[in-house]
Amino acid sequence: MTRVLVTGAGGMLGQDLLAVLASRPDLTVSAATRAELDITDAGAVRAAVAGHDVVFNTAAWTDVDGAEQAEAAATAVNGDGVAHLARACADTGARLVHVSTDYVFPGNADAPYAEDAPTDPINAYGRSKLAGERAVVRFLPETGYVVRTAWLYGAHGPNFVATMLRLAGQREHLDVVDDQQGQPTWSYALATQLVALADAALAGRAPAGIYHGTCSGRTTWYGLARAAFALAGLDPERIRPTTSDRYPRPAPRPAYSVLGHDRWAVAGLPPLPDWHDTLSDAFDSPTPPAPWKVA
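Note that this is a predicted model, so its numbers are computed, not measured.

Each value, and the rule that gives it
Residues numbered from 1 in each chain as written. Predicted model: local features only at pLDDT ≥ 70, side-chain atom pairs only at ≥ 80, totals over all residues. Heavy atoms only, no water. Helix = DSSP H or I, 4+ residues; strand = E, 2+ residues; numbered from the N terminus. Rg over C-alpha atoms; globule rule 2.2 N^0.38 Å. Contact = heavy atoms within 4.5 Å. Areas by Shrake-Rupley, 256 points an atom, 1.4 Å probe, with all protein chains shown as cover. Lys, Arg positive; Asp, Glu negative; His and termini not counted. Charge placed at Lys NZ, Arg CZ, Asp CG, Glu CD. Phe/Tyr/Trp six-rings, centres within 6.5 Å; stacked < 30°, edge-to-face > 60°. Buried < 20%, exposed > 50% of the residue type's maximum accessible area, 1.4 Å probe, protein only. Salt bridge = Lys/Arg side-chain N within 4 Å of Asp/Glu carboxyl O. Pairing = 2+ DSSP bridges. Axes fitted to C-alpha atoms, helices over the stretch in contact; angles between N-to-C directions. Parallel < 35°, antiparallel > 145°, perpendicular 65-115°, else oblique. Left-handed = near helix turned anticlockwise from the far one by under 90°. Nonpolar A, V, L, I, M, F, W, Y, C, P; charged D, E, K, R; others polar. Polar contact = N/O pair within 3.5 Å; in protein donor to acceptor, adjacent residues only side chain to side chain.

### Section: the overall build of the protein
Turning to step 1, where the next piece is worked out: When its secondary structure is counted, the protein shows nine helices and 12 strands.
Turning to step 2, where the next piece is worked out: At 19 Å, the protein has a C-alpha radius of gyration in line with the 19 Å of a compact globule built from 295 residues.
Turning to step 3, where the next piece is worked out: Seen through its C-alpha atoms, the protein measures out along the principal axes to roughly 55 × 40 × 35 Å.
Turning to step 4, where the next piece is worked out: At a minimum sequence separation of 6, the contacts of the protein that also span at least 24 residues come to 83%.
Turning to step 5, where the next piece is worked out: Here the protein has roughly 12,400 Å² of accessible surface; of this, 52% comes from carbon and sulfur atoms.
Turning to step 6, where the next piece is worked out: Taking the 23 positively charged and 32 negatively charged side chains of the protein as two groups, their mean positions are separated by 3 Å.

Next up, the structure:
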């Protein structure tokens, strides 16, 4: 019986991970929400990790704009907290599957970022997440897995898709930026991929290191909003393109967040499907109830 710990279990991805893991009778699963486990507490982390074979870390500071004013606090979670988890896993022999972000890249490329592409974050959030990545690689060179994701949406938390369809009931037209490219990724599909990676790791098929857990293809926020409207039975023409400078934010956003997926092949796993397909799957999924289904 494999013993699994999920940190950040109350978040959007954490809840989807628990749903995927619940279908596995060969696993004993422990769930730790933010209230139950503060990963900045090294002693609490050691106690929580003890006795587990695999740790999925979805705990994170996710307030991108807030990190600009509180970088030390963000790094305490996304950097130091991840280091505590990595050290604890190193001490016990557990494998760590840690979720990171496209924001470790500067966003100025014109082709998908490879897993080994140079990092150069342009905001405090990206710097804090890069610190966590480095901790995993440093302390777990053979048993640590970093999975970068981006543009997540799902049933269990605030996200762009749900926001757009909520606003559809309040406004006739929505102006959405069309100058940032990325890969919309359904959190449930990512959760399934993370579990598959852990299985491959335990079987000795997946080398440690960095993987990119985003859906294939690419679009803009404008393109995603139109696709979501179409699936919800709304008129996509209600979405109008605009530019990022119309919506200044404290933290700069990468203009290009398209990631390459070549490394899945070495683990014997396919990359996540095209974003159009997973978005459609998300709308068709009977469970869990998706917030966009009210639109």
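Still more to cover.
### Quick look at the packing of aromatic side chains
Turning to step 1, where the next piece is worked out: Evaluated as defined, the whole model comprises eight aromatic pairs.
Turning to step 2, where the next piece is worked out: Centroid distance Tyr113 to Tyr256: 6.3 Å. Interplanar angle 55°. Geometry classified as tilted. Here Tyr113, found in the loop between strand E4 (95–101) and helix H5 (124–139), pairs with Tyr256, found in the loop between strand E12 (239–242) and helix H9 (275–284); they are 143 residues apart in sequence, far enough to count as distant.
Turning to step 3, where the next piece is worked out: Ring geometry for Tyr211 against Trp264: centres 4.9 Å apart, planes inclined by 40°, an arrangement best described as tilted. On the criterion of sequence distance, the pair formed by Tyr211 in strand E10 (residues 209–212) and Trp264 in the loop between E12 and H9 is long-range, its members being 53 residues apart. Trp264 matches Tyr211 in its accessibility class, with the two residues each being buried.
Turning to step 4, where the next piece is worked out: Connected via pairs of aromatic rings, a cluster forms that spans Phe105, Tyr113 and Tyr256.

### What to know about the pattern of salt bridges
Turning to step 1, where the next piece is worked out: As enumerated under the stated definition, the model contains nine salt bridges in all.
Turning to step 2, where the next piece is worked out: A salt bridge links Arg3 to Asp53, with the nearest nitrogen and oxygen atoms 2.9 Å apart. Of this pair, Arg3 sits in strand E1 (residues 2–7) while Asp53 is found in the loop between helix H2 (42–49) and strand E3 (54–57), placing the two residues 50 residues apart along the sequence.
Turning to step 3, where the next piece is worked out: Relative accessible area serves as the criterion here: at 36%, Arg3 is assigned to the partly exposed category.
Turning to step 4, where the next piece is worked out: Notably, a salt bridge pairs Arg249 with Asp65, separated by 2.9 Å at the nearest N-O pair. Residue Arg249 is located in the loop between E12 and H9, and its partner Asp65 is located in helix H3 (residues 64–69); the two are separated by 184 residues in the primary sequence.
Turning to step 5, where the next piece is worked out: Residue Asp65 is classed as buried on the basis of its relative accessible area, which comes to 13%.
Turning to step 6, where the next piece is worked out: Members of the salt-bridge network, linked through shared partners, are Arg24, Asp26 and Asp199.

### Here we look at the sheet that holds E1
Turning to step 1, where the next piece is worked out: The strand order E2-E1-E3-E4-E5-E10 describes an open sheet built from six strands, whose pairing is parallel. Two strands in the sheet have a free side with no partner beyond their single neighbour: strand E2 (27–32) and E10. Averaged over all pairs of adjacent strands, the angle between their axes in this sheet comes to 20°, without regard to strand direction.
Turning to step 2, where the next piece is worked out: Sheet analysis places E4 next to strand E5 (residues 144–149), joined by six bridges and oriented parallel. Each bridged residue has a counterpart across the sheet, and for Leu96 the counterpart in E5 is Gly144.

### Here's the deal with the environment of Leu231
Turning to step 1, where the next piece is worked out: Looking at where Leu231 falls in the secondary structure, it is placed in helix H8 (residues 221–231).
Turning to step 2, where the next piece is worked out: The spatial distance from the C-alpha of Leu231 to the C-alpha of Phe283 is 7.2 Å, given a sequence separation of 52 residues.
Turning to step 3, where the next piece is worked out: With residues up to four places along the chain from it excluded, the contact list for Leu231 reads Leu279, Ser280 and Phe283.

### Quick look at the pairing of E1
In the case of a regular strand, side chains alternate between the two sheet surfaces.
Turning to step 1, where the next piece is worked out: By the bridge criterion, six bridges tie E1 to E2 in an arrangement that is parallel. Across the sheet, the residue bridging to Val4 is Val29, located in E2.
Turning to step 2, where the next piece is worked out: Note that E1 and E3 share four bridges and pair parallel. Looking across to E3, one finds that Leu5 is bridged to Val55.

### Description of the packing of H8 against H9
Turning to step 1, where the next piece is worked out: Where H8 contacts H9, the two axes come as close as 11 Å, and the packing angle between them is 40°. It follows that H8 is oblique to H9 by the angle criterion. The two elements H8 and H9 meet at a crossing, and its hand is right-handed. Between H8 and H9, the contacting residues are Gly223, Leu224, Ala227, Ala228 and Leu231 on the first element and Trp275, Leu279, Ser280 and Phe283 on the second.
Turning to step 2, where the next piece is worked out: Residues belonging to the contact of H8 with H9 are distributed by class as follows: seven nonpolar, two polar and no charged.

### Regarding H2
Turning to step 1, where the next piece is worked out: The backbone nitrogen of Gly43 has a side-chain oxygen 3.1 Å away, supplied by the residue at the start of H2, namely Asp41.
Turning to step 2, where the next piece is worked out: Two residues or fewer past H2, Gly51 is found with a positive phi of approximately 90°.

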